[in-house]
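# Analysis of the macromolecular model
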There are 2 protein chains.
Amino acid sequence: MTSTIDEVNYTVRVKPSNPDACAAWQLLVRFFFTHRATLPPIAAELELSPAQCHVLHLIEPGRPIPMRELAETLACDASNVTGLVDRLESRGLVHRRPSPEDRRVRVLGLTPTGSRLRATLVARMAAPPQTLARLSVEDQRTLVRILRRLLES
Amino acid sequence: MTSTIDEVNYTVRVKPSNPDACAAWQLLVRFFFTHRATLPPIAAELELSPAQCHVLHLIEPGRPIPMRELAETLACDASNVTGLVDRLESRGLVHRRPSPEDRRVRVLGLTPTGSRLRATLVARMAAPPQTLARLSVEDQRTLVRILRRLLES
DNA sequence: TATTGTTATACTCTATAACTATA
DNA sequence: TATAGTTATAGAGTATAACAATA
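Residues numbered from 1 in each chain as written. Chains lettered and ligands numbered in written order. Predicted model: local features only at pLDDT ≥ 70, side-chain atom pairs only at ≥ 80, totals over all residues. Heavy atoms only, no water.

### Quick word on the overall build of chain A
Counting secondary structure elements, chain A contains 9 helices and 3 strands. When the helices and strands of chain A are placed in sequence order, the string is α-α-α-α-β-α-α-β-β-α-α-α. Every one of the 153 residues in chain A was classed for burial, and the buried ones make up 43%. At a minimum sequence separation of 6, the contacts of chain A that also span at least 24 residues come to 48%. Total accessible area computed for chain A in this model is approximately 8600 Å², and 52% of it derives from carbon and sulfur atoms. (Helix = DSSP H or I, 4+ residues; strand = E, 2+ residues; numbered from the N terminus. Buried < 20%, exposed > 50% of the residue type's maximum accessible area, 1.4 Å probe, protein only. Contact = heavy atoms within 4.5 Å. Areas by Shrake-Rupley, 256 points an atom, 1.4 Å probe, with all protein chains shown as cover.)

Here it is, written out as C-alpha cells:
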C-alpha cells in the first residue's frame, strides 16, 4: 500500500495550481451526487432502466448514430451496447439499420414510439431541482453564462 | 415525428416560468453527462466497480453509517446494499458492526485498508477536467461562489 | 405492528474472449 | 490486418417478495 500513498502525494504535488478549478469541480461532483438519485425513479416511471435512459437520450430524433459511437460516448464495451439495443429494439423503441457507406456499421435510430418516449423522458428530466430554482435570477444567469463557456470549449 | 414535436412544445408551454433555472439545469446535466465516463476507468484502476466507489466515497473515515442510511442516499433497495457491502467486506475494505442503541441496525465503517483505498479514490477524482481548468480564474471563483450557495440551501 | 437487514430469485448491466462479416 | 458488431459466459448491480430479529 506504500505505492498507494505515494500516488496520493504525487497527485497532490503535481496539481497544487488551480485551486479554484479543483474547488469548483468538487462542488460540481457533490451537487451531482446529491441529485444522482433522481434518475432511477424517472426511469422506473417510464419502465426503463437508467442505462436505457442514457441510450434513448443519446439517440436524437432525426440523427441516427452508429453503435460504435454510442459505445464510445457511454464509455462501455461494444457488446454491452448490443444488449442494450436488443432490449430497446424488442420494445419497438429503436431500430438498427445498415450503413450505406460501410456495411459493417449499424446505425441506430428512434422509432415513432421511441421518439415519443424520449420526449417524455427529456421533459421529465428538464425540471430543475428546487435548490437551483431557489437561486437568485442573477446567479442563475451567471451560472448559465459560465456553463455555456465551459461547454463550448 | 409530429407527435414528438407536439410533446416538446407542450413541455415548453407548461414550464415557461424559471427559464434560467431550467437552462442552468440542462447545462449542468450536459456537463455531467460529458464527464460521466471518467469514473469507470478510475474504478477499474482501483479494481472497484463504480457502485463500490460510491459506497466507499459515502463511508467517511471515522464516521460510521447505518446500512439503511446508505440505501437511502444511494436511492436503492436495502437488499442491494447487503450485496454491495458483502463484496467490500470480503475484500477487507469495510466492516459491519451492530449498533449499540438499536440491535437491528448494522453500522458500516472503513478498515485501515479501506480508508487508504478511499483516499486514493478521492485523490484520483479530485482532478478537475481540462474544460474547467481552462476557464478564467474569475469565472472559476464565481462558479465556486454560486455552487456553495447552491449546496448550502 | 413497524423497521432493519438478509435471503432467494429474476432480470439488467457490464466486461472478456472468441467469432463473423466486412474493410 | 484491422474494425463493427454479435454471441457466450461470468460476475456485479438492481428490485421484489418472503423472512428473522428487534423495536
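### What to know about the protein's contact with DNA strand C
Residues in close proximity to DNA strand C total 22 residues, the closest being Ser49, Asp77 and Arg87 of chain A together with Arg68 and Arg96 of chain B. A share of 71% is what sugar and phosphate atoms reach among the atoms of DNA strand C within 4 Å of the protein. A distance of 2.8 Å separates a base oxygen of DNA strand C from a polar side-chain atom of serine 79 of chain A. A distance of 3.0 Å separates a phosphate oxygen of DNA strand C from a polar atom in the backbone of arginine 103 of chain A. The element best represented in the surface near DNA strand C is helix 6 (residues 78-90) of chain A, accounting for 4 residues. (Near = heavy atom within 4 Å. Polar contact = N/O pair within 3.5 Å; in protein donor to acceptor, adjacent residues only side chain to side chain.)

### Let's talk about the relation of the copies chain B and chain A
Here chain B sits on chain A after a turn of 180 degrees about the axis and a move of 0.0 Å along it, with an RMSD of 0.1 Å. Considering both components of the superposition, the chain copies are consistent with a two-fold axis. Nearest to the rotation axis, the C-alpha of leucine 143 of chain B is located 3.4 Å from it, this being the minimum over chain B. Comparing contact sets, 93% of the residues at the interface of chain B also lie at the interface in chain A, consistent with an isologous, same-surface contact. (Least-squares fit on C-alpha atoms with pLDDT ≥ 70 in both.)

### Here's the deal with the protein's contact with DNA strand D
Every one of the 22 residues lining DNA strand D counts as a neighbour, but Arg68 and Arg96 of chain A together with Ser49, Asp77 and Arg87 of chain B are closest to it. Of everything in DNA strand D that lies within 4 Å of the protein, sugar and phosphate atoms constitute 72%. Backbone polar atom of arginine 106 of chain A to a phosphate oxygen of DNA strand D: 2.7 Å apart, as the coordinates give it. Between DNA strand D and the protein, one listed contact pairs a phosphate oxygen with a backbone N or O atom of aspartate 77 of chain B at 2.7 Å. Counting residues per element, the surface near DNA strand D draws most heavily on helix 6 (residues 78-90) of chain B, at 4 residues. Partitioning the surface near DNA strand D into residue classes produces 7 nonpolar, 6 polar and 9 charged. (Nonpolar A, V, L, I, M, F, W, Y, C, P; charged D, E, K, R; others polar.)

### Topic: the pattern of salt bridges
Summed over all chains, the structure comprises 18 salt bridges over all chains. Of the charged contacts, one joins arginine 124 of chain A and glutamate 45 of chain A as a salt bridge, the two residues approaching to 2.8 Å between their closest N and O atoms. Here glutamate 45 of chain A lies in helix 3 (residues 39-45) and arginine 124 of chain A lies in helix 7 (residues 112-126), a separation of 79 residues in the sequence. You can call glutamate 45 of chain A partly exposed: its relative accessible area is 48%. Between arginine 96 of chain B and aspartate 86 of chain B there is a salt bridge; the shortest N-O distance is 2.2 Å. Within this pair, whereas arginine 96 of chain B is found in strand 2 (residues 94-98), its partner aspartate 86 of chain B is found in helix 6, the two being separated by 10 residues in sequence. The class of arginine 96 of chain B is buried, set by a relative accessible area of 18%. (Salt bridge = Lys/Arg side-chain N within 4 Å of Asp/Glu carboxyl O.)

### So, the state of the cysteines
Residue and element names in this part refer to chain A. For the coordinates displayed, the defined rule picks out 0 disulfides over all chains. Free cysteine: cysteine 53, not disulfide-bonded; nearest cysteine sulfur from cysteine 76 at 15 Å. For cysteine 53, a relative accessible area of 2% gives the class buried. (Disulfide = S-S within 2.5 Å.)

### Quick notes on the packing of helix 4 (residues 50-58) of chain A against helix 6 of chain A
Residues and elements named next belong to chain A. Contact geometry for helix 4 and helix 6: axes closest at 10 Å, N-to-C directions at 80 degrees. The angle between the axes of helix 4 and helix 6 places the two elements in the roughly perpendicular class. When helix 4 is examined against helix 6, the residues Ala51, Gln52 and Val55 are found in contact with a partner set consisting of Leu84, Arg87 and Leu88. Grouping the amino acids of the contact of helix 4 with helix 6 by side-chain chemistry returns 4 nonpolar, 1 polar and 1 charged. (Axes fitted to C-alpha atoms, helices over the stretch in contact; angles between N-to-C directions. Parallel < 35°, antiparallel > 145°, perpendicular 65-115°, else oblique.)

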